[in-house]
Amino acid sequence: MLSIKNLHAGVEEKEILKGLNLEVKPGEVHAIMGPNGAGKSSLASVLSGRPNYEVTEGSVMLDGKDLLEMSPEDRAREGVFLAFQYPIEIPGVSNINFLKTAMNEMRAYKGLEPYTAKEFLALSKEKQKLVEFDAKLVNRSLNEGFSGGEKKRNEIFQLAMLEPKLAILDETDSGLDIDALRIVSRGVNKLRSDKNAFIIITHYQRLLDYIVPDFVHVLSDGKIVKTGGKELALELEEKGYDWIKEEAVS
Amino acid sequence: MINQLETPLYESIVAKFEIAALQSRNTQIGDLRQQAFDIFKASGFPSPKNEEWKYTNVLPFLKDEFELEISQDELSEATFDKVAKMVTTHIEAIQNSIKGEQKGAYRLIAVNGKFNETLSILPEAGKIKIQALSAATEEPAFIQNFGKIATIKDNAFAALNTALFHDGLFIEVPKNVSLDKPLHVINVLLADANVFIQPRNLFVIHANASLEIIETTITNEAGHTIFANGVTEIAVAENAHLHHYDIQTGHKGLRLVQRTEATQEQHSNYSNYTFTLPGTELVRNNLILHLNAKDLESHLYGLYLTADKQLVDNHTEVHHKMPNGESNQLYKGVLMDNSKAVFNGKIYVYEDAQKTNAFQQSNNILFSEKATVNAKPQLEIFADDVKCSHGTTIGQMNKESLFYLQSRGISEQTAKNMMVNAFAFDVTQKIKIAPVRVYLEKLIAAEMEKNVH
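All figures in this text were calculated on a predicted structure; none of them were measured in a lab.

**Student:** Is there a simple way to explain the overall build of chain B in this structure?
**Tutor:** Looking only at helices and strands, chain B has 8 helices and 20 strands in total. Against the 2.2 N^0.38 benchmark of 22 Å for 453 residues, chain B shows a C-alpha radius of gyration of 21 Å, consistent with a compact globule. With the principal axes as the frame, chain B shows a C-alpha extent of 70 × 55 × 55 Å. Within chain B, the fraction of its 453 residues that count as buried is 59%. Within chain B, contacts between residues separated by at least 24 positions form 86% of all contacts whose residues are at least 6 apart in sequence.

**Student:** Would you mind going over the interface of chain B and chain A with me for this structure?
**Tutor:** Much of the literature gives interface size as the accessible area that the parts lose upon coming together. Listed as interface residues are 16 residues of chain B and, on the opposing side, 29 residues of chain A. Of the roughly 1,900 Å² buried between chain B and chain A, counting both surfaces, carbon and sulfur atoms make up 66%. Of all residues in chain B, B:F403, B:Y404 and B:R408 bury the most surface against chain A, accounting for 41% of the area lost on that side. Linking chain B with chain A are 2 salt bridges. Note that A:E155 is salt-bridged to B:R408, the shortest N-O span being 2.7 Å. Along the contact surface separating chain B from chain A lie 12 residue pairs in polar contact (both at pLDDT 80 or more). Secondary-structure elements contributing two or more residues to the side of chain B that touches chain A are α6 (399–406) and α7 (412–428) of chain B. Looking at the side of chain B that touches chain A, its residues break down into 7 nonpolar, 6 polar and 3 charged.

**Student:** Looking at this structure, how should I read the UniProt feature "domain: ABC transporter" (unreviewed entry) in chain A?
**Tutor:** Here the UniProt feature "domain: ABC transporter" (unreviewed entry) sits at residues 2–246 of chain A. From the first C-alpha to the last, residues 2–246 of chain A spans 29 Å; its make-up is 39% helix and 29% strand.

**Student:** Please explain the sheet that holds strand β3 (residues 29–33) of chain A as it appears in this structure.
**Tutor:** All names here are of chain A. The 6 strands are arranged β6-β9-β10-β3-β11-β12 in an open sheet whose pairing can be described as mixed. Each edge of the sheet is formed by a strand with only one pairing partner; in this case those strands are β6 (80–83) and β12 (223–228). Strand after strand, the sheet turns through a mean of 20 degrees between neighbouring axes, direction not considered. Where strand β11 (residues 215–220) lies against β12, 5 bridges are found, and the strand directions are antiparallel. Bridge pairing in β12 places V218 opposite K226.

**Student:** Would you mind going over the UniProt feature "domain: SUF system FeS cluster assembly SufBD core" (unreviewed entry) in chain B with me for this structure?
**Tutor:** In the numbering adopted here, UniProt assigns the feature "domain: SUF system FeS cluster assembly SufBD core" (unreviewed entry) to residues 192–423 of chain B. Helix makes up 9% of residues 192–423 of chain B and strand 60%, with an end-to-end C-alpha separation of 40 Å.

**Student:** Would you take a moment to explain the sheet that holds strand β2 (residues 14–24) of chain A for this structure?
**Tutor:** Consider a sheet: its strands pair through backbone hydrogen bonds, and that pairing is either parallel or antiparallel. All names here are of chain A. Judged by pairing direction, the sheet is antiparallel, and its 4 strands sit side by side in the order β2-β1-β4-β5 without closing on themselves. Strands with a single pairing partner mark the edges of an open sheet, and in this sheet they are β2 and β5 (65–66). Lying over the sheet, helix α1 (residues 40–48) contacts β1 (2–11), β2 and β4 (53–62), oriented at roughly 110 degrees with respect to β1.

**Student:** Can you help me understand the nonpolar core in this one?
**Tutor:** It is characteristic of soluble globular proteins that their nonpolar side chains tend to be buried jointly. Ranked by size, the top nonpolar core spans 88 residues in total, and within it A:L2 and A:I199 carry the most contacts. In this view, A:I199 contacts A:L2, A:L22, A:V24, A:H30, A:I32, A:L47, A:L166, A:A167, A:I168 and A:L169; residues no more than four positions away in its chain are not counted. Of all hydrophobic cores here, the second largest spans 51 residues; its members include B:L169, B:F203, B:A209 and B:Y331.

Conventions used here
- Residues numbered from 1 in each chain as written.
- Chains lettered and ligands numbered in written order.
- Predicted model: local features only at pLDDT ≥ 70, side-chain atom pairs only at ≥ 80, totals over all residues.
- Heavy atoms only, no water.
- Helix = DSSP H or I, 4+ residues; strand = E, 2+ residues; numbered from the N terminus.
- Rg over C-alpha atoms; globule rule 2.2 N^0.38 Å.
- Buried < 20%, exposed > 50% of the residue type's maximum accessible area, 1.4 Å probe, protein only.
- Contact = heavy atoms within 4.5 Å.
- Buried area = accessible area lost by both parts, 1.4 Å probe.
- Salt bridge = Lys/Arg side-chain N within 4 Å of Asp/Glu carboxyl O.
- Polar contact = N/O pair within 3.5 Å; in protein donor to acceptor, adjacent residues only side chain to side chain.
- Nonpolar A, V, L, I, M, F, W, Y, C, P; charged D, E, K, R; others polar.
- UniProt positions renumbered as here; feature names shortened; annotations may be inferred.
- Pairing = 2+ DSSP bridges.
- Axes fitted to C-alpha atoms, helices over the stretch in contact; angles between N-to-C directions.
- Core = buried A, V, L, I, M, F, W, Y, C linked by side-chain atoms within 4.5 Å.

Dropping the structure here:
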């Protein structure tokens, strides 16, 4: 599904990703871990098309299409979803109108008729239930005055509504208490299927207790330096990252 | 005074007044015109040296040759047909954009300030009085209020209007009367040459009465320059309510300077909503409220979306003269291209006006590096137990918010529209008439669409 080859990218002349390779197939969950400053969030930014990031080398293909050539909205329409580390508050834009606009623009891109108000409402109710999202928040301004946990849960609700092929969760666990973490994880697990894939960026192994990955990658200094199964996360939790850095150097 | 020599208009105004003065029959008005003319003649048009016009140099907009003589005859058949067609097109455009939101409105047509009854759809006779200002000079409400609300001292444009106004609308809502639907005033500006038009209105809302007025302006785009210098005087009596909407659309060649000045009595509410859209070259709104009694409220909401080389200037003055008054001002601006906006808001709290609550906020977003905003809030407080606040922000479109919306599959253009609507939301949500809100949002969306780069 996703094929990243020798990706070099950075911000304002500063190279952050230095030759990253990653293959993701449908149905897989990939965890990306690594020390601060390794480039984890930069990878999420580059994949979703955040302005300011410049790709200097390499390629990113999504089902044979060149992702790097696309605008952020076209990437989303092709099935890329980024759950933000810090979801943005936009006062005056209602959560529900925002989602309706997003879904209908995506449908138009695929040549589909927009949802009727009724269809949309039914779908929204179904997904709210699925990911345990508070109905009261749906009608509020987008993320305005939401707690940290509510913002993250809203990201998962959007994920449920938009049904992307590839979902990137950028430190979705940061700032969550244990209950919110469980709810968020339950939501993600319900959304997993053999047709979609997840890239989960996290600092901590804790999230991976709930969302069990197929692969764990360690990102250090802009490159993936080690790949393993879910047990690698446990090892990292215990030993930290230094041993891998040393291993990588030697 | 030296700068006036560059303005042929000044000379023709002086010449015209000499003739007009001889023709004036009503002495009350005649004296007022003379007094106003003396003020104008002494000061001339304001230059940027005048503090009130520091950021808005109006002189370049006055350099053209303007006709001062506006026909006050009945419209010819051909002109009537043309106006009827313009009105129909305008109404259709509004109705198309507010589909499903129709509540209906009465319609009042003024052509170059002159009331046109045939084209108007008015409430049943006796409910409220609507007539040409020139026909209302014997009305007690006219005698009591006309020329007594608008301040002409140190206000050259208001003085000029008072000296030489043509005609305008007289609207009087009697005691205890509330109109069931809003009154839509369509100001039709017609020009077959460059014209300098001076409409003059008087709205009197008696005790316990209420009215909603929605003003829109349409012009024939004949390539002529239209300079409209309007004055509207408003008296809002005890416990009366007036919601006054002004939607300012226009085109290149249209220049608009207007003064809306209102007096308010106890328990009254005057709310003004001024929306300026791209098109009109120059807009200068002067909105002045006199809170002459205690326990009353005033709301001033403004929204301006500017483009091209447009210059949009909002000046407000709120005079809190008695205790327990509340005034609330919120002006928001979105500036594109090379446009320029000015916001100058003054709040005066007089010595007797204890327990005043006066709030003022002006927020702007620049959509272009070449756009400019000059914002100047001013407070003059002579009472000691008051709550007053003011604030101004000038910012840019938040790129991270834009990216967030785009990352959900929303196009850049739609995302910008959403953000402009969101920015404007604090103001648009105050609009009490749903179709007006929808119409305005559609106008904004259409303008944003044009601004795709």
